[in-house]
Amino acid sequence: MTPSTHCASFAIGDEQAAKRVVDVLTEVFFDGEAAVAAFERPDGRWDVTVHFAEAPDQALLRELVTNAASSEIASTLAFDTVEARDWVKASLEDLVPVPAGRFVVHGAHDRERVAVNKLAIEIEAALAFGTGHHGTTRGCLLLLDHVLKAYRPRRLLDLGTGTGVLGIAAAKALKIGVLAGDIDAPSVQVARENARLNETGQLVQTVRAVGFSAPAFARAAPFDLVLANILANPLRQLAGPMARHLAPGALVILSGLLTHQAPAVIAAYRARGLVPLRHLRIEGWSSLLLRKVS
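Rules and cut-offs
- Sequence order as written defines the numbering, with residues in each chain counted from 1.
- pLDDT decides what is reported in this predicted model: residues at 70 or higher carry local features, side-chain atom pairs at 80 or more are listed and counted, and totals for whole chains, interfaces and linings draw on all residues regardless.
- Hydrogens and water molecules were not included; the side-chain quantities draw on all heavy atoms of the structure.
- In the sections that follow, a salt bridge refers to a side-chain nitrogen of Lys or Arg positioned within 4 Å of a carboxyl oxygen of Asp or Glu.
- Per the convention used, a helix needs a DSSP run of H or I reaching at least four residues, while a strand needs a run of E reaching at least two, with both numbered from the N terminus.
- Burial classes: relative accessible area under 20% of the type maximum marks a residue as buried, over 50% as exposed, and values in between as partly exposed (1.4 Å probe, protein chains only).
- Only when DSSP finds a minimum of two bridges between them are two strands counted as paired.
- Axes here mean lines fitted to C-alpha atoms, for a helix over just the part in contact, with angles spanning 0 to 180 degrees between N-to-C directions.
- Any two residues having at least one pair of non-hydrogen atoms within 4.5 Å are treated as being in contact.
- For our purposes a nonpolar core is just a set of buried Ala, Val, Leu, Ile, Met, Phe, Trp, Tyr and Cys residues, chained together by side-chain atoms within 4.5 Å.
- The term polar contact refers here to a pair of N or O atoms within 3.5 Å; inside protein, the definition further demands a hydrogen-donor-capable atom paired with an acceptor-capable atom, and it admits residues adjacent in sequence only when both atoms are side-chain atoms.
- For classification, angles of less than 35 degrees are called roughly parallel, those exceeding 145 degrees roughly antiparallel, those between 65 and 115 degrees roughly perpendicular, and all remaining angles oblique.
- Left-handed describes a crossing whose near helix is turned anticlockwise from the far helix by less than a right angle; the clockwise case is right-handed.
- When residues are grouped by polarity, Ala, Val, Leu, Ile, Met, Phe, Trp, Tyr, Cys and Pro land in nonpolar, Asp, Glu, Lys and Arg in charged, and all others, Gly among them, in polar.

Caption draft 1: Representation of the pattern of salt bridges. A complete count under the given rule lists five salt bridges for this structure. Among the salt bridges present, the one from Lys19 reaches Asp23, with a minimum N-O distance of 3.0 Å. In this pair, Lys19 and Asp23 are both assigned in helix 1 (residues 15-28), four residues apart and thus about one turn of the helix distant. Lys19 gets classed as exposed once you look at its relative accessible area, which sits at 52%.

Right under this line is the structure:
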């Protein structure tokens, strides 16, 4: 049983404003004092949430938000206490098996419920993104299933691997090596453990990498298929490096972007010789399949 935690939350108008507030709060509070997170909503606004181990100084927090944003934003701060409960047990109760074409993502508690003719990927809720329940992960798996019906890539990259679900799926389907990278060290460890759990530990190579900077990426390129479930802004910034690491005719599956962000991402990749082939929309999120033509 985890102890009760305290949280403060508010909404703010755009990404730059959210980043400014998050940077200020992250600098003020020491590691362990608070955890700050910001997420974009479908309407374009951003939700900012701060979790505290101890009850926060509400006046101080309002002052910090006023200085970083405005008094109007600070006045909307909502404070709450999250009561102690077994979050692992609670999360497992909600994580039902998720089908995506030939793939099924499930937790250990549903291991026996997966049909024998499906490719089962066992992923538990953890400190990394990607249990299969988010629309972006499911969109990527559906596009991967579509691609592998007629295409046999030899060099694969799972960029921003999170829990490793996409790399594991590709390794299980193709029985070949997959390179999986993430900027976040805990995610790399989680992906490595999940690969072992799914009996693909010998096929999925996990590395910590910022963008395409890892030496392992240069050695493995050019890639025939890249899976990148990240966020819209990083995806746009990675369009150039992505194109340079692709083989002619290579396919790319992109996700992590809200539907209204898809045109800007498509434009960034089209400018570098990648054309869109498919566009899946699931729960307000977009997943894209593109091909390198030049």
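Additional details are given in the paragraphs that follow.
Caption draft 2: Broad picture of the sheet that holds strand 4 (residues 78-82). If you trace the four strands from one edge of the open sheet to the other, you get 2-3-1-4, paired in antiparallel fashion. For this open sheet the edge positions go to strand 2 (34-40) and strand 4, each flanked by a neighbour on one side alone. Strand-to-strand twist in this sheet, taken as the mean axis angle between neighbours without regard to direction, amounts to 20 degrees. Here strand 1 (residues 5-12) runs beside strand 4; their pairing, made up of five bridges, is antiparallel. Within the sheet, the bridge partner assigned to His6 lies in strand 4 and is Thr81. Contacts between helix 1 and the sheet are confined to strand 1, strand 2 and strand 3 (46-52), with strand 3 contributing the most and set at about 15 degrees to the helix. Packed onto the sheet, helix 2 (residues 58-68) meets strand 1, strand 3 and strand 4 and runs at close to 130 degrees relative to strand 4.

Caption draft 3: Main features of the nonpolar core. Counting residues in hydrophobic clusters, the biggest one holds 31 residues, and the most contacted among them are Leu159, Phe217, Met242, Leu254 and Tyr269. Mapped by element, the contributors of at least two residues to this core are strand 8 (156-159), helix 8 (215-220), strand 11 (223-229), helix 9 (232-237), helix 10 (239-244), strand 12 (246-258), helix 11 (262-270) and strand 14 (285-292). Apart from residues lying up to four places away in sequence, Phe217 is in contact with Leu157, Leu159, Leu179, Gly181, Val207, Ala209, Gly211, Phe212, Phe223 and His245.

Caption draft 4: Representation of the environment of Ser213. Counting through the fold element by element, Ser213 comes out in the loop between strand 10 (204-208) and helix 8. Relative accessible area serves as the criterion here: at 53%, Ser213 is assigned to the exposed category. Sequence separation between Ser213 and Pro241 is 28 residues; the distance between their C-alpha atoms is 9.2 Å. A distance of 2.7 Å separates the side chain of Ser213 from the backbone oxygen of Val210, its partner in a polar contact.

Caption draft 5: Main features of the sheet that holds strand 8. Ordered by their spatial adjacency, seven strands build an open sheet running 10-9-8-11-12-14-13, and the pairing between neighbours is mixed. Every other strand in the sheet has two partners, leaving strand 10 and strand 13 (274-282) as the edge strands with one partner each. Across the sheet, the mean angle from the axis of one strand to that of its neighbour is 15 degrees, orientation sign disregarded. The pairing of strand 9 (residues 178-182) with strand 10 spans five bridges and is parallel. By the bridge assignment, Gly181 is partnered in strand 10 with Val207. Across the face of the sheet, helix 5 (residues 135-148) comes into contact with strand 11, strand 12, strand 13 and strand 14 while running at roughly 35 degrees to strand 14.

Caption draft 6: Up close: the packing of helix 5 against helix 6 (residues 165-174). Contact geometry of helix 5 with helix 6 gives a least axis separation of 10 Å together with a crossing angle of 20 degrees. On the basis of their axis angle, the class for helix 5 and helix 6 is roughly parallel. Here helix 5 and helix 6 pass one another in a crossing that is right-handed. Of the residues in helix 6, those touching helix 5 at Thr137, Cys140, Leu141, Leu144 and Leu148 are Val165, Leu166, Ala169, Ala170, Ala173 and Leu174.

Caption draft 7: Quick peek at the packing of helix 1 against helix 2. One way to put it is that helix 1 packs onto helix 2 with a least axis distance of 9 Å and a crossing angle of 140 degrees. The orientation of helix 1 relative to helix 2 falls into the category oblique. Here the hand of the crossing between helix 1 and helix 2 comes out right-handed. Contact with helix 1, carried on its side by Arg20, Val21, Val24, Leu25 and Val28, involves Leu61, Leu64 and Ala68 of helix 2 and no other residues of that element. Looking at side-chain class alone, the contact of helix 1 with helix 2 contains seven nonpolar, no polar and one charged residues.

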